[in-house]
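Here is how the chains run, residue by residue.
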Amino acid sequence: MSEQIKDAIKKARKIVIKIGSNTLAKSDGTQNTEFMAAFAAQVKNLIDSGKQIAVVSSGAQVSGVSAIKEWARKKDVHYRQALCAIGQVELMSQWRKAFAESGIHIGQLLFVKENFENNLQTLNIRNTLFTLVDEGVVPIINENDSVSFEEGSIGDNDNLSALTSILWGADLLVLFSDIDGVYSDNPKTNPDAKLVQTVGNIDELRKEITIGETNSFGTGGIETKLQAAQKCFAYNIPVILANGGREKILDKLADGSADGTLFLPEE
């Protein structure tokens, strides 16, 4: 039982939820539409309890591969960006269907790094976010991978979700990945690895854990999640890291019956 996570969700009104590619992809690399429908229903539960939700969704490239499977092995950057252009349409189509089952409209927002560095653009982002959520529409946010270039790229959706949380003035960021939280070591290779349930000091945490690498579908890993939490800590925004693949994980985090790692800024 995680009463601290339950309490963090209860206190939060504006919540950003980031979903990684590993959560959205099945083992064969195609879209996990069953997860998307179940997730949308859980978001509806939070909205019905008075929360406002924005979703940062990876998965454009995964969705592109689902649509054009013969491009899966193409590594050329132009093909990758083209896959993202195709996949973003597929991704939003599936999100629209998933949320429609719960009677919720969605809106698409695609960002690049420059959007967070220009005062007029950040003001426009804030205004659009506020308008969407005030009208009960769930924003689905992603990096615009089809046009971003290396120097101008945010690079991963963990950091994008942190930037979004700060810009929107969120009360909580939830990062869904394919692990239950931060461990002392990689739990997939070390059965003795221990789940770190609460983190108050990220610099100290870095000294105590082993940071592994990302896997085939994701662009991040534990390192980018720590970067995201560090950004949020500067604005006193708590962060939850949990396994998005667990059944009804959002409901269970909200009622305290699921574990995760809670990053809670020290007072």
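Below or above, wherever it landed, is the structure these notes cover. (Residues numbered from 1 in each chain as written. Predicted model: local features only at pLDDT ≥ 70, side-chain atom pairs only at ≥ 80, totals over all residues. Heavy atoms only, no water.)

### Structural notes on the packing of helix α6 (residues 119–134) against helix α7 (residues 157–168)
Step number 1: Running from N to C, α6 and α7 point in directions that differ by 80°, and their axes come no closer than 10 Å. If you check the angle between α6 and α7, you find them roughly perpendicular. On α7, the residues that touch T122, I125, R126, L129, F130 and V133 of α6 are T164, L167 and W168.
Step number 2: Among the residues forming the contact of α6 with α7, the class breakdown is six nonpolar, two polar and one charged. (Axes fitted to C-alpha atoms, helices over the stretch in contact; angles between N-to-C directions. Helix = DSSP H or I, 4+ residues; strand = E, 2+ residues; numbered from the N terminus. Parallel < 35°, antiparallel > 145°, perpendicular 65-115°, else oblique. Contact = heavy atoms within 4.5 Å. Nonpolar A, V, L, I, M, F, W, Y, C, P; charged D, E, K, R; others polar.)

### Looking at the environment of T261
Step number 1: Residue placement: T261 occurs in strand β10 (residues 261–263).
Step number 2: Along the sequence, T261 and A242 sit 19 residues apart, while their C-alpha atoms lie 6.6 Å from each other.
Step number 3: If we skip the residues at most four places from it in the chain, T261 touches I5, D180, G181, V182, L195, V196, Q197, V199, V239, I240 and L241.
Step number 4: Polar contacts involving the side chain of T261 include one to the main-chain carbonyl oxygen of V196, which spans 2.5 Å. (Polar contact = N/O pair within 3.5 Å; in protein donor to acceptor, adjacent residues only side chain to side chain.)

### A word on the pattern of salt bridges
Step number 1: Scanning the model with the defined rule gives seven salt bridges in all.
Step number 2: Among the ionic pairs, K11 bridges to D7, the shortest N-O distance being 3.2 Å. Separated by four residues within a single helix, K11 and D7 lie in helix α1 (residues 3–11), roughly one turn from each other.
Step number 3: A relative accessible area of 65% means that K11 is categorised as exposed.
Step number 4: The exposure class of D7 is partly exposed, given its relative accessible area of 32%.
Step number 5: A salt bridge links K225 to D158; the nearest nitrogen and oxygen atoms lie 3.0 Å apart. With a gap of 67 residues between them, K225 in helix α9 (residues 222–233) and D158 in helix α7 connect regions that are remote in the sequence. (Salt bridge = Lys/Arg side-chain N within 4 Å of Asp/Glu carboxyl O. Buried < 20%, exposed > 50% of the residue type's maximum accessible area, 1.4 Å probe, protein only.)

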